[in-house]
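Structure at a glance
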Amino acid sequence: MSYLLPKLVRKAEVDKAIRNTFDKVVVLRFGRAADAVCLQHDDVLSKAQRDVSKFASIFLVDVDAEDVQIYVKYFDITILPSTLFFFNTEHVKMDAGTQDHSKFIGAFHEKQDFIDVVEVLFRGAMKGKHIVHCPLPRERIPQYQLLYKDV
């Protein structure tokens, strides 16, 4: 279902999506089109797109595209899929009980999980918050371990 969502393959396209979307949450899914977990995530995103269209815009970013490597390095995208959220050009973070609050790592299990997260991000961002608490129960949040190189 990833063919239903707009794909961004250049830095200029990502910049334009972040800068030109006002009063909506910009959802950027970083991943690969051939990865099975990314395909499951894309399926959930495409099913939820219509329900969140009034307060969110969803874009897919290919991590293998040469031009977007600056974002991959800046946001330290090593585990796929990784989903970032922006609101009025500001990066909105989410405390999901994991080590990294800057992005949601892994796939959403259900369409309603994604809708709940985006709705909480939207409401928090409208109030001027830069970090919000994740509304999902702990068992629905993908768990992972961060490994640091040369530490």
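I will try to describe carefully the structure that is included in this document.

Calculation rules
Residues numbered from 1 in each chain as written. Predicted model: local features only at pLDDT ≥ 70, side-chain atom pairs only at ≥ 80, totals over all residues. Heavy atoms only, no water. Helix = DSSP H or I, 4+ residues; strand = E, 2+ residues; numbered from the N terminus. Buried < 20%, exposed > 50% of the residue type's maximum accessible area, 1.4 Å probe, protein only. Contact = heavy atoms within 4.5 Å. Areas by Shrake-Rupley, 256 points an atom, 1.4 Å probe, with all protein chains shown as cover. Core = buried A, V, L, I, M, F, W, Y, C linked by side-chain atoms within 4.5 Å. 1 Å grid on protein atoms, 1.4 Å probe; cavity = no way out; pocket = protein on both sides within 12 Å on 5 of 7 lines; lining within 4 Å. Points joined across faces, edges and corners; volume = space filled by probe spheres on them. Nonpolar A, V, L, I, M, F, W, Y, C, P; charged D, E, K, R; others polar.

Turning our attention to the overall build of the chain. Helices and strands together make up the secondary structure of the chain, namely four helices and seven strands. Listing every helix and strand of the chain by position from the N terminus yields β-α-β-α-β-α-β-β-β-α-β. Its C-alpha atoms give the chain principal-axis dimensions of about 40 × 30 × 30 Å. Residues classed as buried in the chain amount to 48% of the 151 residues present. Sequence-distant contacts, at least 24 apart, represent 75% of the contacts inside the chain between residues at least 6 apart. When the accessible surface of the chain is summed, it comes to about 8,400 Å², and 52% of that surface belongs to carbon and sulfur atoms.

Core analysis: the biggest nonpolar cluster contains 28 residues, and Phe85, Met94, Phe114, Val117 and Val118 have the highest contact counts within it. Of all the elements in the fold, those that place two or more residues in this core are β2 (25–31), α2 (36–52), β3 (56–62), β4 (82–87), β5 (90–95) and α4 (111–126). It is α4 that provides the largest number of residues to this core, a total of six residues. One finds Phe30, Phe59, Val63 and Tyr71 within the second-largest nonpolar core, a separate group that totals 20 residues.

Before going further, it helps to examine empty space enclosed by the protein. The final tally for this structure, using the stated rule, is two cavities of 30 Å³ or more. Reported here for the second largest cavity is a volume of approximately 30 Å³. Lining the second largest cavity, in full, are Phe85, Val92, Lys93, Met94, His101, Ser102, Lys103 and Phe104. Broken down by element, the lining of the second largest cavity gets its largest block of residues, three residues, from β5. Here the lining of the second largest cavity is composed, by residue class, of four nonpolar, two polar and two charged.

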